[in-house]
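# Descriptive structure summary
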Amino acid sequence: MTDKKFNRTLVTTALPYANGPIHLGHFAGTFLPADIYVRYKRLRGEDIIHIGGSDEHGVPITIRAEKEGITPQQVVDRFHNLQKDALAKANISIDNFSRTSLPVHHATAQEFFLDMEQKGIFVKKTEKQFYDEDAKMFLSDRYVTGTCPVCGNTDANGDQCENCGTYLSATELINPKSKITSKTPVLRETLHWYFPLGKYQKQLEAFINQHEGDWRQNVINYSRTWLNSGLTDRAITRDLSWGVNVPLTSDDAKGKVLYVWFDAVLGYISSTKEWAVKHGKPDTWKKYWLQPDTRLIHFIGKDNVVFHTLMFPAMLMAKNEGSAEQYILPDNVPASEFMNIEGKKFSKSRGYAIYLSDFLEKFPADTLRYMIAMNYPENRDTDFSWKEFQSRTNSELADTLGNFVKRVIDFTNARMGGVVPEVAENQLSENDTHLKSQILTRVGATDTEAQVKPAFTITEYYEQFSIRSAVFETMQIAGLANKYFNDETPWKSIKENPEKCKRTIFVSLNVCYSLAIIFYPILPDTSKKIFRMLGIEDDIDEKIKQGAIKWDDVKTFQLRGGHKLSGTSEILFKKIEDADIEPELKKIDQMISDAQTAEQAKTEQVKSEAAPPAHETAAVAKPVITIEDFEKIDLRVGTVTACEKVPKADKLLKLQVRIGANERQILSGIAMHFTPEEMVGKNILVVANLAPRKMRGLDSNGMLLAVEGSDGKLNLVQPQGDGINGNAVK
Ligand code: MF3
Ligand code: ZN
């Protein structure tokens, strides 16, 4: 509930790794609920900012860079911009979408580290960690894969098992392998800085207990599971080259960076600093972080809970020790469960994902926002299904909300000269006032003469982060309005009882105004369209900021008799036809079958491990050739620009390969070893002058080179270097 002791709110959304585009999982779990909440609070006239950005460090980024043969900076530049654009298209009104590669962030993270180092908070320990002798580097976190000791998933990462969610340390994995060379790593000693999380056990227990009943039960439970097993020291440095450098000059700090989670959570602070600078008041960030009358709220997914309820609070507690500056702790951490697609778990690594920007190329943002909000995974995993998307858009958005607004506006324009009729409020009929009081009861504004009260009001739902229920109740109001309009039959009363007709239209237009307000958090574009049709042309966001349009306006009739509408009417929602979603359903089928093929390839790989390794069976088998013979082969560096599976051919991939200025199609029997997605962007070596041939009726112009490893798995020959595309091997 809103607590009087707070005067402003700072909302954060988990920083997505800048190693891929934003998908519906990010959108449903964090950005959309946060945006709806923030827009609602802006309507309440509260001081609130929404802060976030992209998480640009960590092993997922460097792995992607290595895969594509580009630098980590190039990876994060690309994805930060894609993420930012997609959020803007989805109307996520985030106040600042920052990046952890910025100097202000590095400085902030280093300040925290140095402060704790100087206060003697850290523990330094030498421990054995996995080291890849071929790649000559320590394998942090996700650089190691292996079998999860908890659930047996053979694909667990060195920091976490995606299958069962257990946080792991790499040395716990069964049959560990380096992601760089696929070799079994060795253990080597290395020195690291540890944050003594265990020392904060008591303080953290008190902190969690204090929020019992107020935070979601899943958030309390995840936190307690950790507390109950006893908190221990956590390494907060890594042997990596990409990240925030450990800000010490001593020899033992060389080549070390801060652990990505140590720096990422501080991204909330550095993003607030960047926001403040952009607004010309560089010190205002302090108001949001250092004043106890600020309410801090973290919107996150369930996999990030303990970082926000235990680690980050402990870091803030440590920073606050002996300091005049006291950082506030989160007041709530609304963590979502997951959203699946058509019953399958969202997982980039398994190949199921719907990207936000792809979606918005085909369907309007508001239709997606509504569908996702109605399925917000608040207390349990939920599902995204295209059929449900279609039916919700058509029957709820188009037939209920859209239909009501359009009928009222069209009627007013056609029959009443586009002007709000003059009506004395004390002459409204019982039906008229009943609709109004039903709306007030649901919204939860105070002066209600309610008979049937819903369990909670929309206002209360928002205050307790029950986004789904708030949105559901909001749509109920559109349903009531639609019913009222049908029951009052203004198209008849205009002839039989013109005064009644005027009252109906007066009330209906004012209900359109109320709908524009209460749908603003959920459907901002639609809300603005309704305002525009009602003849309110101004910048709505700005009016809300100034308090000229506010949540409590639903209490009173805002449109007075004589007010002129814009005179135009727009269709709010286009219906979605079967043909519109068919390609999407096909794509999902494809994703699922690709993922299955990848799984199958893995199983076959495991089987082939029992067979004698290729190098033992294959002797040098070809006759000697001359240099002239060799020079007949035109070996070139090509870059894969697109790749897909060939239908009904398990082993074949169809690649589009750019070699210099030309593109060509090559078919290759590597589908059991590589997914189409992972091929795209790779530099490969191509036999460019091989006679064209047909495979499965498709042209293949060339051949790509690969080598079988001792594990039976193919390794692509991947030339390294800048500007090598199109060049010949010499
Ligand atoms: N990048 C992390 C993830 O995608 C989330 C970071 S949240 C932050 O799981 F708090 F660290 F920023
Ligand atoms: Zn597991």
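Every value quoted in this text rests on a predicted model; they were computed, and no experiment measured them.

Before going further, it helps to examine the coordination of the zinc ion (ligand 2). Ligation of the zinc ion (ligand 2) by protein atoms is provided by Cys148 (SG), Cys151 (SG), Cys161 (SG) and Cys164 (SG), these donors lying 2.2 to 2.4 Å from the ion. For the zinc ion (ligand 2), the four donor atoms in the first shell make angles of 107 to 115° at the metal, a pattern classed as tetrahedral. Linear spacing of the donor residues for the zinc ion (ligand 2) on their chain is C-x2-C-x9-C-x2-C. One end of the pair, Cys151, is in the loop between β6 (144-147) and β7 (156-157); the other, Cys161, is in the loop between β7 and β8 (174-178), with 10 residues separating them in the sequence.

Ordered in space as β19-β18-β17-β20-β23, the five strands form an open sheet in which the pairing is antiparallel. The two strands at the open ends of the sheet, each matched to only one other strand, are β19 (662-668) and β23 (703-704). Alignment of strand β17 (residues 635-645) against strand β18 (residues 653-659), held across six bridges, turns out to be antiparallel. What sits directly across from Ala642, in β18, is Gln656.

What follows concerns the packing of helix α5 (residues 201-210) against helix α6 (residues 217-228). At their nearest, the axes of α5 and α6 sit 11 Å apart, and the two run at 160° to each other. What the angle tells us is that α5 and α6 run roughly antiparallel. Pair α5 / α6 crosses with left-handed handedness. Packed against α5, whose contacting residues are Gln201, Leu204, Glu205, Ile208 and Asn209, the element α6 presents Ile220, Ser223, Arg224 and Leu227 at the interface. Looking at the contact of α5 with α6, its residues break down into four nonpolar, three polar and two charged.

This part covers the site of ligand 1. The environment of ligand 1 is formed by Ala14, Leu15, Tyr17, Asp55, Trp261, Ala264, Val265, Tyr268, Asn304 and His308. Between Leu15 and ligand 1, the recorded distance is 2.8 Å, taken from a backbone N or O atom to a nitrogen atom. Bound to the protein, ligand 1 loses 91% of the 340 Å² it would expose on its own. Here the shell around ligand 1 takes four residues from helix α7 (residues 260-278), the largest share from any one element. Broken down by class, the residue content of the shell around ligand 1 amounts to seven nonpolar, two polar and one charged.

Rules and cut-offs
Residues numbered from 1 in each chain as written. Chains lettered and ligands numbered in written order. Predicted model: local features only at pLDDT ≥ 70, side-chain atom pairs only at ≥ 80, totals over all residues. Heavy atoms only, no water. Donors = N, O, S within 2.8 Å, 3.2 Å for Na, K, Ca; no water. Tetrahedral: all angles 85-135°; square planar, octahedral: opposite > 155°, others 65-115°. Helix = DSSP H or I, 4+ residues; strand = E, 2+ residues; numbered from the N terminus. Pairing = 2+ DSSP bridges. Axes fitted to C-alpha atoms, helices over the stretch in contact; angles between N-to-C directions. Parallel < 35°, antiparallel > 145°, perpendicular 65-115°, else oblique. Left-handed = near helix turned anticlockwise from the far one by under 90°. Contact = heavy atoms within 4.5 Å. Nonpolar A, V, L, I, M, F, W, Y, C, P; charged D, E, K, R; others polar. Near = heavy atom within 4 Å. Polar contact = N/O pair within 3.5 Å; in protein donor to acceptor, adjacent residues only side chain to side chain. Areas by Shrake-Rupley, 256 points an atom, 1.4 Å probe, with all protein chains shown as cover.

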